[in-house]
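# Results of the structural survey
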Amino acid sequence: MSDIIQLLPDHVANQIAAGEVVQRPASVVKELIENSIDAGATSITLLLKDAGKTLIQVIDDGKGMSATDARLSFERHATSKIKDAQDLFNLNTKGFRGEALASIAAIAHVELKTKQEDDELGTQIKIEGSEITSQEVVTTAKGTSIAVKNLFFNIPARRNFLKSDTVETRHIVDEFQRVALAHPNISFLLHHNNNEVYHLKKSNLRKRIVAIFGTKMNEKLVPINEQTDIITVNGFVAKPEFAKKKRGEQFFFVNDRFIKSSYLNHAVVNAFEGLLESGSHPSYFLYLEVPANTIDINIHPTKTEIKFDNEKALYAILRATVKHSLGQYNVAPVLDFDRDSTLDTPYDYSKKSNSSVPPITVDPTFNPFKTETSYKEPSNTSSSPKSSTTHSYQSNFKKDTGSWEALYTNTETIEPVQQEQLFEPEQETETGKTFQIQKKYLLSSIKSGVVLIHQSLAHQRVLYEEFLENITVKEASSQQLLFPVNISFSSSDIEMIYSIKSDLESAGFMFDEFTKESVVIAGIPTSISESQITLILEQLLDDIKLEVPDTSFSHFDVMAKSFAKSLAIKTGTSLNPKEQENLVNNLFSCKEPNISPFGKPTFKTLALNEIDAIFNK
């Protein structure tokens, strides 16, 4: 039998490796920016076109490369970061595998320009699908510039799996923010389609956080600072009142490297015990410094997972540190036996020696059981022998509300009256009447049995179809605001809103002005109120960040779902009979009344034979 095992060609091996390293444009951004940081850059510029699908260019002022190094950098497993296996357990650089540039060059058109400080001329290399097409000497500035064009040009299947430009841009911005937060001592610039998204100057950590997430973030931050023999913790946590229902502002950095750790996240959340509402997530920006030989980074290609030697000790220290800071800054109650007792009273009060106890007065004539008005017996009960025993509390019940007074007007006819009120023959055959259960469900009777409806999910379906029809079929109606509303967002959120501006205008929004940190809204759809604008836009941004799948309606379907979820009546809302009836009728007028916009059932029908079976077991 002939041999069948053979070595794969280098370009095929590189494309396979690229599947692990380069998952989307954001992966390329991460690898290139980290290379710039390892090169000692103090200023990094990121240029994007079409969410990185057409162009990703990173320009830095690092130490650059020689002509030989520039050529060798695109070979597999070629790196300047490590020399032997022992270096893997003492890493102080972002990269170390030597796979990134080779993987990127295998699936894109790459143009590299680089020059070292002492050289007069630099080197330019052009590569297409792992093949070097040209190498020449050029005039260029000190540092390195890498332009990655037409990503996945030779793997169309991978390109087709990419999400919309909005979603891919969001992933790129996330990677950019993580690197920028880890290195406030480096200036960063981000341009997307010739629009400046971020211009971050060198600053301290607090200013960098505020520059990325907006000026409102400054008032939310509580400093964290603790130093021990095994770990140093610095950074900030947000005050409990600013916790969000969605995740997104949780950042862990270990030795200036962004990581994801559900274990350490649990430690922080545990420190907020008793301070957060159920389902809320605190925001935090925590920087951990540990000895390089106590962690293992070589676990996952993205390098966002780390193994610690002493996880339990880190958990305890992190939880105690966060809890201590929340108490120290009067965010949470604190029990401290070493605390100065003079801090418990105002300064002026502690100096007064002739303070007197305030007088206490008591009203001896006060009677809590005394009634303002006595109960007057109805005239038609004067002949009743039992009417004189009528209690005064019965005066609180009126005939128009229902009833105890009507029942007791003549004690001889209590049973007939009560029976007549509770068992009316007309109600036994009436259908279509609805009842609200626990302010969450509606029970409606039908000829074949009953229907149990989830009021919030049902309302979501009704609103979803209304919004979708208004946006796609009808011309959306808009109401102009008397006073335009100015809403603050982070720069990345402003960029996202701007990218879907035309879709929002089709839904009825009118925009006056866009700035780096805010957007001015001049008009809104007639179906929403002014107080709901911020809630709706925040919900829409969250849904886009969570990669709600694209549909044939582009963002219209996402917008309709977000609007419906934001504006639907919530569990715990009391509905009057007319509102209950309208909701039921509107639900069964929908095209798909049986499921909510998010695929959950809106109602359950119980036939009479099913109900009978429950009691005949």
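Here the structure is shown first, and the text comes after it.
Residues numbered from 1 in each chain as written. Predicted model: local features only at pLDDT ≥ 70, side-chain atom pairs only at ≥ 80, totals over all residues. Heavy atoms only, no water.

### Considering the overall build of the protein chain
Of the regular secondary structure elements, the protein chain holds 20 helices and 22 strands. For the protein chain, the residues scored as buried account for 42% of the 617 residues in total. Pairs at least 24 apart in sequence give 66% of the contacts found in the protein chain among residues at least 6 apart. Within the structure as shown, the protein chain displays about 35400 Å² of accessible surface, and the carbon and sulfur contribution to it stands at 50%. (Helix = DSSP H or I, 4+ residues; strand = E, 2+ residues; numbered from the N terminus. Buried < 20%, exposed > 50% of the residue type's maximum accessible area, 1.4 Å probe, protein only. Contact = heavy atoms within 4.5 Å. Areas by Shrake-Rupley, 256 points an atom, 1.4 Å probe, with all protein chains shown as cover.)

### A closer look at the sheet that holds strand β2 (residues 55-60)
In space, the 8 strands of this open sheet follow the order β5-β4-β3-β6-β2-β1-β7-β8, with mixed pairing throughout. Across the chains shown, the open sheet's two edge strands, defined by having one partner strand only, are β5 (131-138) and β8 (195-200). Averaged over all pairs of adjacent strands, the angle between strand axes in this sheet comes to 10°, irrespective of strand direction. Sheet topology note: the strand β1 (residues 43-49)/strand β7 (residues 187-192) ladder contains 6 bridges and is parallel. Paired with I44 across the bridge in β7 is F188. Its contacts with the sheet put helix α2 (residues 25-38) on β1, β2, β6 (143-149) and β7, and the angle it makes with β2 is roughly 10°. (Pairing = 2+ DSSP bridges. Axes fitted to C-alpha atoms, helices over the stretch in contact; angles between N-to-C directions.)

### Focus on the packing of aromatic side chains
Throughout the structure, instances matching the rule amount to 15 aromatic pairs. Ring geometry for Y498 and F514: centres 5.2 Å apart, planes at 85°, overall edge-to-face. Here Y498 is found in helix α15 (residues 491-499), whereas its partner F514 is found in strand β20 (residues 510-514), with 16 residues between them in sequence. Using a relative accessible area of 43% as the deciding quantity, one classes Y498 as partly exposed. F514 gets classed as partly exposed once you look at its relative accessible area, which sits at 23%. Joined through ring pairs, the aromatic side chains of F213, F251, F253, F258, F285 and Y287 make up one cluster. (Phe/Tyr/Trp six-rings, centres within 6.5 Å; stacked < 30°, edge-to-face > 60°.)

### With respect to the environment of N594
In this fold, N594 is placed in the loop between α19 (577-587) and β22 (603-607). Judged by its relative accessible area of 41%, N594 is partly exposed. Along the primary structure N594 and L457 are separated by 137 residues, whereas in three dimensions their C-alpha atoms are 9.9 Å apart. Those residues in contact with N594 that sit more than four places away from it in its chain are K600, P601, T602 and F603.

### What about the pattern of salt bridges?
Taken as a whole and judged by the stated rule, the model has 9 salt bridges. Between E111 and K149 there is a salt bridge, and its shortest N-O distance comes to 3.9 Å. Pair noted here: E111 is in strand β3 (residues 109-115) and K149 is in strand β6, with a separation of 38 residues, a long-range link. K149 gets classed as partly exposed once you look at its relative accessible area, which sits at 35%. In this structure, D493 and R170 form a salt bridge, with 3.4 Å as the shortest nitrogen-oxygen distance. With a gap of 323 residues between them, D493 in helix α15 and R170 in helix α6 (residues 165-182) connect regions that are remote in the sequence. With respect to burial, D493 and R170 carry one shared label: buried. (Salt bridge = Lys/Arg side-chain N within 4 Å of Asp/Glu carboxyl O.)

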